[in-house]
Amino acid sequence: MTSRFHWALFISTFTLAGCGGLFDPGPLSYVESPRLKTELQGREAMQEKVRGALARLFGPNPREIHVPAGAGLPLGGARLANYRHFEDGTEKPQAIARIVDPKQPPVTQVMRGGFALYREHCLHCHGVSGAGDGPTAPFLYPRPRDYRKGLFKFTSTNTGAKPTRDDLEKTLRYGLHGTSMPAFDASLSDGEIAQVVDYVIFLSMRGEAELALIDEAMTADDKDPEALSETVATEVAGNVFNKWKAAATLVMNPPIPKPPSTRESILRGRNLFLGGTAKNKVGQPVKGDCIDCHGPRAEGDGNSFVPQNVFNTVVFGGDPSTRNERLQAFDEKVRTKWKESLDDWGEPLRPANLNRGVYKGGRRPIDLYWRIAKGINGAKMPAHYPANDPEMIWDLVNFVLALPQEPKLLEDAVVPPAPTAPAPKVAATK
Ligand code: HEC
Ligand code: HEC
């Protein structure tokens, strides 16, 4: 049999008729990346090929999920969706997930399923496609994550790598402190968290595959009948899946355990924080860069970002949809800096105020080690390993953890002078 959806998982379509509830998402369809039309302008046939490939790989809409071959999701993706809504408003789990693998007996399981859980708990913020565009999203700062770039901030893996399942589970369980991302530890069971993690990964893979297919189509030949063929599309998506599969092997474990938080360690961390220099193990001088962004009092107001009052005016000074108008009131220099300090999703970004002791990615020493060593993906916070030795990173962790308990640590700090501007060119005398 030459099934076009070999190895695919079919989930029976179901209707949402009678699905009342607080939030009715209405007809569910994925939003398309705007790049599809802008990058492939005037190439309608190629646009259709991308749409077709995406629908073949991941299913045409959220109610009809296909799990593409090689996606690497646990249980072949059987936990993605498995819930049926009846016209009388009741909901019942159905053992309807069936893995179509000719070599295996069909797998059936009874569970709620990632899609149903996502729809109930996450969709109003993160959106149907995981584009961070649910109905609540425009009112939030920071905005809910758009998963489709495949970029996640709070990971334990090397810079730029995908998160592990543990990383995503931790985000779901404990939320992201200081943001509207809630903690679901009390409302979802372990099994449910695993199901919804599958679904986040599915949406992220789908979104990143869409972008990769558009890239592929941009260089493809319109006249070539093989352009974006099934084989090519499968390979393009496969590259995305492989990055997710690699994540577990890319965890950045500190080579040494955290040293005790001695006065010496805290002060070494403070020196680096304030832009001081220290020699690393191979004898290279390393200069701390933290104040450039976090500011000399660690209040999140460093020179690489626009002043706090500008940020407040633009982001919080009125309707979120008119931010750009408020920005135009500032001069060109401020506007350029604003643009340069947007995050990789094009959203306004602010360095953390480290006096508050509130960390989005968790307050355990290991969380802060990861944040400082490998940076925060997509969010301008740079990696500091391997330029800084693990010892130096632990000093910074000890300093960061001490600061909220001891605000005096920076009160009387002498901030190193800003780098001197190049000497003005003296007009040559005749
Ligand atoms: C009230 C809005 C809201 C709800 C509901 C919500 N989130 Fe979020 N979520 C956010 C915001 C805001 C962020 C981004 C915070 C940031 O970037 O600083 C986020 C970020 C994330 C991230 C990215 C973490 C990273 O490392 O980058 C994941 C994953 C996530 N949410 C999953 C979920 C899941 C799954 C659900 C449902 C079980 C959910 N969220 C419900 C607002 C929400
Ligand atoms: C180029 C700018 C930049 C530099 C340099 C920088 N940071 Fe950051 N840092 C940021 C931004 C922006 C955020 C907030 C990211 C977010 O909220 O998503 C951040 C967040 C953090 C956080 C909070 C993590 C969390 O879980 O909320 C810590 C801790 C931190 N930085 C420490 C440091 C230290 C220590 C240094 C110097 C070794 C440093 N940063 C250098 C931009 C920078």
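Here is what the cut-offs are and how they apply
- Residues numbered from 1 in each chain as written.
- Chains lettered and ligands numbered in written order.
- Predicted model: local features only at pLDDT ≥ 70, side-chain atom pairs only at ≥ 80, totals over all residues.
- Heavy atoms only, no water.
- Helix = DSSP H or I, 4+ residues; strand = E, 2+ residues; numbered from the N terminus.
- Buried < 20%, exposed > 50% of the residue type's maximum accessible area, 1.4 Å probe, protein only.
- Contact = heavy atoms within 4.5 Å.
- Areas by Shrake-Rupley, 256 points an atom, 1.4 Å probe, with all protein chains shown as cover.
- Near = heavy atom within 4 Å.
- Polar contact = N/O pair within 3.5 Å; in protein donor to acceptor, adjacent residues only side chain to side chain.
- Nonpolar A, V, L, I, M, F, W, Y, C, P; charged D, E, K, R; others polar.
- Donors = N, O, S within 2.8 Å, 3.2 Å for Na, K, Ca; no water.
- Tetrahedral: all angles 85-135°; square planar, octahedral: opposite > 155°, others 65-115°.
- Phe/Tyr/Trp six-rings, centres within 6.5 Å; stacked < 30°, edge-to-face > 60°.
- Core = buried A, V, L, I, M, F, W, Y, C linked by side-chain atoms within 4.5 Å.
- Domains from an automatic or database assignment.

(A) Structural view of the overall build of the protein. Each helix and strand counted, the protein has 15 helices and 6 strands in total. For the protein, the residues scored as buried account for 47% of the 430 residues in total. Sequence separation of at least 24 residues holds for 65% of the intrachain contacts in the protein that already meet a minimum separation of 6. Accessible area for the protein stands at about 21,600 Å²; split by element, carbon and sulfur atoms hold 56% of it.

(B) Representation of the site of ligand 2 within the structure. By nearness alone, 24 residues border ligand 2, and Cys290, Cys293, His294, Lys360 and Met381 come closest of all. For ligand 2, an oxygen atom lies 2.7 Å from a polar atom in the side chain of lysine 360. Contact between ligand 2 and glycine 361: an oxygen atom at 2.8 Å from a main-chain N or O atom of the residue. Elements with a contribution of two residues or more to the shell around ligand 2: α9 (290–294) and α13 (365–374). In terms of residue class, the shell around ligand 2 is built from 15 nonpolar, 3 polar and 6 charged.

(C) How the structure looks around the coordination of the iron atom of ligand 2. The iron atom of ligand 2 binds to the protein through His294 (NE2) and Met381 (SD), with metal-donor distances spanning 2.0 to 2.1 Å. The coordination sphere of the iron atom of ligand 2 comprises 6 donor atoms, whose angles at the metal cover 88 to 179°; the geometry is octahedral. Separated by 87 residues along the polypeptide, histidine 294 in helix α9 and methionine 381 in the loop between α13 and α14 (390–402) bring together distant segments of the chain. Given a relative accessible area of 21%, methionine 381 falls into the partly exposed group.

(D) Quick look at the packing of aromatic side chains. Per the counting criterion, the structure on display carries 13 aromatic pairs. Ring geometry for tyrosine 118 and tyrosine 199: centres 5.1 Å apart, planes at 50°, overall tilted. Here tyrosine 199 lies in helix α6 (residues 190–219) and tyrosine 118 lies in helix α3 (residues 114–121), a separation of 81 residues in the sequence. Residues tyrosine 118 and tyrosine 199 agree in their burial class; the two are buried. Among the aromatic residues, those joined into a cluster by ring pairs are Phe58, Phe115, Tyr118, Tyr199, Phe202 and Phe241.

(E) Region of interest: the environment of lysine 408. Note on placement: lysine 408 falls in helix α15 (residues 408–411). Here lysine 408 falls in the exposed class, since its relative accessible area comes to 59%. Taking the C-alpha atoms as reference points, lysine 408 and arginine 297, separated by 111 residues in sequence, lie 9.9 Å from one another.

(F) Region of the structure containing the side chain of arginine 112. Note that arginine 112 resides in the loop between β4 (98–99) and α3. Within the structure, the side chain of arginine 112 is placed 3.0 Å from the side chain of glutamate 120, a separation counted as a polar contact.

(G) Geometry of the nonpolar core. Core analysis: the largest hydrophobic core is formed by 57 residues, its most contacted members being Val50, Phe58, Ile65, Tyr118, Tyr199, Phe202 and Met205. Taken together, the elements giving at least two residues each to this core come down to α2 (44–58), α3, α5 (165–174), α6 and α7 (230–246). Per-element tally for this core: the top contributor is α6, with 13 residues. Formed jointly, this core draws a minimum of three residues from each of two domains, domain 1 (9–248) and domain 2 (263–305 + 341–411). For valine 50, the contacting residues outside a window of four places in its chain are Leu36, Leu40, Leu213, Ile214, Ala217 and Leu228.

(H) View of the coordination of the iron atom of ligand 1. Note on the iron atom of ligand 1: its protein donors are His126 (NE2) and Met181 (SD). The metal-donor distances range over 2.0 to 2.1 Å. Around the iron atom of ligand 1, the 6 donor atoms are arranged such that angles at the metal cover 86 to 179°; this shape is classified as octahedral. Residue histidine 126 is found in helix α4 (residues 123–126), and its partner methionine 181 is found in the loop between α5 and α6; the two are separated by 55 residues along the sequence.

(I) Here's a closer look at the environment of lysine 162. Locating lysine 162 in the fold gives a position in the loop between α4 and α5. Through-space distance from the C-alpha of lysine 162 to that of isoleucine 201 is 9.9 Å; in sequence the pair is 39 residues apart. A polar contact of 2.8 Å, which involves the side chain of lysine 162, links it to the backbone oxygen of glycine 150. Within the structure, the side chain of lysine 162 is placed 2.9 Å from the side chain of glutamate 208, a separation counted as a polar contact.

The quantities given are spatial measurements derived from coordinates; they are silent on function.
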